[in-house]
Amino acid sequence: MPHFVVDCSQSILQSQTEEKIIERVHHAANSTQLFDEGDIKVRVNPYTTYSVGNKPEAFIHVFASVMEGRSVEARAGLSKLIVSELVSMFPHVRNVAINIAEFERATYCNRDLL
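Here is what the cut-offs are and how they apply
- Residues numbered from 1 in each chain as written.
- Predicted model: local features only at pLDDT ≥ 70, side-chain atom pairs only at ≥ 80, totals over all residues.
- Heavy atoms only, no water.
- Core = buried A, V, L, I, M, F, W, Y, C linked by side-chain atoms within 4.5 Å.
- Buried < 20%, exposed > 50% of the residue type's maximum accessible area, 1.4 Å probe, protein only.
- Helix = DSSP H or I, 4+ residues; strand = E, 2+ residues; numbered from the N terminus.
- Contact = heavy atoms within 4.5 Å.
- Polar contact = N/O pair within 3.5 Å; in protein donor to acceptor, adjacent residues only side chain to side chain.
- Phe/Tyr/Trp six-rings, centres within 6.5 Å; stacked < 30°, edge-to-face > 60°.

Trainee: Requested: an account of the nonpolar core, with residues and values cited.
Mentor: Formed by 26 residues in total, the largest nonpolar core has its most connected members in Phe-4, Ile-21, Ile-60, Ile-82 and Leu-86. Put simply, the parts of the chain that give this core at least two residues each are β1 (3–9), α1 (18–31), β2 (41–47), β3 (59–67), α2 (72–89) and β4 (95–103). With residues near it in sequence (within four places) discarded, Ile-60 still touches Val-6, Asp-7, Cys-8, Ile-12, Leu-86, Phe-90, Val-93, Asn-95, Val-96 and Ala-97.

Trainee: An account of the environment of Ile-21 is needed here, citing residue identities and associated values.
Mentor: Along the chain, Ile-21 turns up in helix α1. Ile-21 sits in the buried class, given a relative accessible area of 1%. Each C-alpha atom of the pair Ile-21 and His-61 lies 12 Å from the other, and the pair is 40 residues apart in sequence. In this structure Ile-21 touches Val-6, Ile-12, Leu-13, Val-44, Leu-86, Met-89 and Phe-90, once residues within four positions along its chain are discounted.

Trainee: Got a sec to walk through the environment of Glu-57? Specific residues and values, please.
Mentor: Assignment of secondary structure puts Glu-57 in the loop between β2 and β3. Counting along the chain gives 32 residues from Glu-57 to Met-89, while the straight-line C-alpha distance between them is 17 Å. Excluding its chain neighbours within four sequence positions, the residues that come into contact with Glu-57 are Tyr-50, Val-52, Arg-94 and Asn-95. Side-chain polar atoms of Glu-57 contact the side chain of Asn-95, separated by 3.2 Å.

Trainee: Can you lay out the packing of aromatic side chains for me, pointing to particular residues and giving the numbers?
Mentor: A complete count under the given rule lists 4 aromatic pairs for this structure. On the basis of an interplanar angle of 80° and a centroid distance of 6.2 Å, the ring pair of Phe-4 and Phe-35 is categorised as edge-to-face. Of this pair, Phe-4 sits in strand β1 while Phe-35 sits in the loop between α1 and β2, placing them 31 residues apart in sequence. Note on accessibility: Phe-4 and Phe-35 belong to one class, buried. With 6.4 Å between their ring centres and 40° between their planes, Tyr-47 and Phe-59 make a pair best called tilted.

Trainee: Go over unusual backbone geometry with me, naming the residues and quoting the values.
Mentor: A cis geometry characterises the amide bond from Met-1 onward to Pro-2, with omega recorded as -5°. Examined against the element boundaries, Pro-2 turns out to sit in the segment before β1. A positive phi is found at Gln-33, a non-glycine position, where the angle reads about 60°. Examined against the element boundaries, Gln-33 turns out to sit in the loop between α1 and β2. Phi is positive for Asn-54, close to 65°, though the residue is something other than glycine. Mapped onto the fold, Asn-54 is located in the loop between β2 and β3.

Here's what the structure looks like:
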């Protein structure tokens, strides 16, 4: 926790690598000091088949999942920071977005909690 899953069109990887995207999203999330750096997880899923407004336009959408308890303002700041980083990396991509979902501490489980 937290998880940042970057869905994107394969075409954007012509100008930046997956590793660079992961690095920038990780750095942005870490810079907020909302999370322990070792807990931040980032993945990239490029798509070759997709539609945006019924057209094959380039896109980036980050699905973020964070543990409950952070303020709306903190989550909004995180959203704006990550979108800003991605826009600076991909100024030609019009469709850049993020949504942040919270998950409950009571229902969260990982290997260490078993």
